Amino acid sequence: MTSPDLVLAGGTVHTPSGPATVDVAVRAGKILGIGSFPDAGRRIDCTGLDVLPGVIDSQVHFREPGLEHKEDLETGSRAAVMGGVTAVFEMPNTNPNTDSTMRIADKLSRGLHRMYCDHAFYVGATAENAEELAELERIPGTAGVKIFMGASTGSLLVAEDKELARVLASGSRRVAIHAEDEARMNERKNQRVAGDPSSHPVWRDDESAMKATQRILRLAREAKRPIHILHITTPAELELIAQHRDIATCEVTPQHLTLAAEEAYPAIGTYAQMNPPVRSAAHREGLWYWLNQGVPDVVGSDHAPHTREEKAKPYPESPSGMPGVQTLLPLMLDHVAKGRMTLERLIDMTSAGVQRVFGLVGKGRIAVGYDADFTVIDRKGRFTITEDWVESRCGWSPFTGMELEGRVLGTIVRGHVVMWENQLANAAQGEPLRFASAL
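Below, the structure is looked at part by part. (Residues numbered from 1 in each chain as written. Predicted model: local features only at pLDDT ≥ 70, side-chain atom pairs only at ≥ 80, totals over all residues. Heavy atoms only, no water.)

### A short note on the overall build of the protein
Okay, so step 1: Looking only at helices and strands, one finds 14 helices and 17 strands in the protein.
Okay, so step 2: Judged by the C-alpha coordinates and their principal axes, the protein covers about 65 × 45 × 40 Å.
Okay, so step 3: At a minimum sequence separation of 6, the contacts of the protein that also span at least 24 residues come to 74%.
Okay, so step 4: Carbon together with sulfur atoms contributes 49% to the accessible area of the protein, which is approximately 15500 Å² in total.
Okay, so step 5: Considering the protein, the positive charge centre built from 47 side chains and the negative charge centre built from 57 side chains are found 2 Å apart. (Helix = DSSP H or I, 4+ residues; strand = E, 2+ residues; numbered from the N terminus. Contact = heavy atoms within 4.5 Å. Areas by Shrake-Rupley, 256 points an atom, 1.4 Å probe, with all protein chains shown as cover. Lys, Arg positive; Asp, Glu negative; His and termini not counted. Charge placed at Lys NZ, Arg CZ, Asp CG, Glu CD.)

### As for the packing of aromatic side chains
Okay, so step 1: If you walk through the whole model with that rule in mind, you get 6 aromatic pairs.
Okay, so step 2: Where F89 meets Y122, the ring centres are 6.2 Å apart and the plane angle is 65°; that geometry is what we call edge-to-face. Here the residue F89 occupies a position in strand β7 (residues 85-90), and Y122 occupies one in strand β8 (residues 118-124), the gap between them amounting to 33 residues. Exposure class is identical for F89 and Y122. Each is buried.
Okay, so step 3: Pairing Y271 with W396 gives two aromatic rings, centres 4.7 Å apart and planes at 85°, and the pair type is edge-to-face. One end of the pair, Y271, is in the loop between α10 (261-268) and α11 (281-291); the other, W396, is in the loop between β14 (374-384) and β15 (403-413), and 125 residues separate them in sequence.
Okay, so step 4: According to the relative accessible area criterion, Y271 is partly exposed, its value standing at 23%.
Okay, so step 5: In this structure W396 comes out as buried when scored by relative accessible area, which is 1%.
Okay, so step 6: Taken together through their ring pairs, the aromatic side chains of F89, Y122, F358 and F435 make up a single cluster.
Okay, so step 7: Over the ring of W203 we find R192, and its NZ or CZ is 4.7 Å from the ring centre. (Phe/Tyr/Trp six-rings, centres within 6.5 Å; stacked < 30°, edge-to-face > 60°. Buried < 20%, exposed > 50% of the residue type's maximum accessible area, 1.4 Å probe, protein only. Lys NZ or Arg CZ within 6 Å of the ring centre and 35° of its normal.)

### What to know about helix α14 (residues 343-358)
Okay, so step 1: Between the first and last C-alpha of α14 there are 22 Å, a value that for 16 residues agrees with the 22 Å anticipated at 1.5 Å per step.
Okay, so step 2: Along α14, the sharpest kink reaches roughly 45°, centred on M349.
Okay, so step 3: Buried within α14 we find L343, R345, L346, I347, M349, T350, S351, G353, V354, V357 and F358.
Okay, so step 4: Taken from the residues just after α14, G359 is the one with a positive phi, measuring 70°. (Expected span 1.5 Å × (residues − 1). Bend = angle between axes of the 7 residues up to and from the residue.)

### Description of the sheet that holds strand β13 (residues 298-299)
Okay, so step 1: The strand order β6-β7-β8-β9-β10-β11-β12-β13 describes an open sheet built from 8 strands, whose pairing is parallel. Either end of the sheet is taken by a strand with one partner, and the two such strands are β6 (55-60) and β13.
Okay, so step 2: By the bridge criterion, 3 bridges tie strand β10 (residues 175-178) to strand β11 (residues 227-229) in an arrangement that is parallel. From the neighbouring strand, V175 faces β11, where its bridge partner is I227. (Pairing = 2+ DSSP bridges.)

### Some points on empty space enclosed by the protein
Okay, so step 1: Scanning all chains against the criterion turns up 5 cavities of 30 Å³ or more.
Okay, so step 2: One number sums up the size of the second largest cavity: a volume of about 60 Å³.
Okay, so step 3: In terms of lining, the second largest cavity is formed by A79, H303, P323, G324, V325, Q326, T327, V390, E391, S392, W396 and S397.
Okay, so step 4: Tallied by class, residues from the lining of the second largest cavity come to 5 nonpolar, 6 polar and 1 charged. (1 Å grid on protein atoms, 1.4 Å probe; cavity = no way out; pocket = protein on both sides within 12 Å on 5 of 7 lines; lining within 4 Å. Points joined across faces, edges and corners; volume = space filled by probe spheres on them. Nonpolar A, V, L, I, M, F, W, Y, C, P; charged D, E, K, R; others polar.)

### Notes on the nonpolar core
Okay, so step 1: Grouped together as the largest cluster of nonpolar side chains are 90 residues, with contacts concentrated most on V88, I147, I227, I229 and L346.
Okay, so step 2: Residue contacts for I227: discarding those within four places in its chain leaves L168, R174, V175, I177, I216, L217, A220, I247, A248 and T249. (Core = buried A, V, L, I, M, F, W, Y, C linked by side-chain atoms within 4.5 Å.)

### Section: the pattern of salt bridges
Okay, so step 1: Scanning the entire structure with this criterion turns up 42 salt bridges.
Okay, so step 2: Here E131 makes a salt bridge to R166, at a shortest N to O gap of 2.5 Å. Placement of E131 in the loop between β8 and α3 (133-136) and of R166 in helix α4 (residues 161-169) is noted, with a sequence separation of 35 residues between them.
Okay, so step 3: You can call E131 exposed: its relative accessible area is 54%.
Okay, so step 4: Residue class for R166 comes out partly exposed when judged on its relative accessible area of 25%. (Salt bridge = Lys/Arg side-chain N within 4 Å of Asp/Glu carboxyl O.)

Here it is, written out as structure tokens:
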């Protein structure tokens, strides 16, 4: 066998066959073999550590172009690899929106070897580009089409059934959906209480989410188009989606699995404000119930940073969104340590599940011939989230001060050690992701 460039030695390696104490050998950015490899160009001792398939975060907002004062592709990707994330899908609500061939090409150019992790970019759906989406979604490096049914940060919005049907009729790849009902939220704006962010989930209530999810499931079935519903916040939606598994997959976020309205809004105010909202502890427990029933396919961070100055504005002038790509895996590892889920389920939701839902090529598992993407963790390691650890340009986290069990030691992207023991590599190596439906 060809001599490997890199060997991760003696760790608990999480393969498709289950965990095993073995070496993983890498050559030219690909996994060369799993077993025993005494010789290597570089050897990293992983004794006592777990080697996971590289974590993929399928929902981040890195704010470039146009909003770089909050974040950019480089700083966002630094945060990603510091948290063990090897690849991201980045969202289109930038300024200008990512909604044309030229703007997709611009993002791909900005990201290549400037981002520390591998990456793909969503195309934003609009009434104006609906007929072009079948072509746009097949551009290499695109993650597919994103629809905002309810207004959030930015100007992308497709709210009416007629326009939604036009978007769904154009193309074949799975469409990502922000499912909140714009008409209902407009009707309920009087529910917002000035200066009181705890009124955010009263305004953007359960019915706003459920009504949009019901509508998009019906429209997707009529169009025979697969959809992926993002950041689910209500147990009722997960129960409904479970009845439509032939057409719909879905995501939950660490924020909605960790925070509860009764505690979060009094403690951190607008820093807990996001769309769809952080809801009650009962909602949170309901999400956990359905997660352990196997319904959510993936966990994504919905990393959406804003500056402290923006977040300090009185509600509802304050923007919705919080950073999360760096804390996604640490938070979920802590939930594993507390017995809320198994490590195997977490691996599925952050690697194999993402590959399965979106048709990623060469990602999502530790297997010969796949990209050498690994997230190395110390399951027993404890650490406290501090602001000086946060790599995001915004410089804050809603989870500051939390002590967690489960520490990320290293992030390896296509055989490049891009982070080890909180030290970033000197050069970024990120490249576009590949999808079977866009080759």
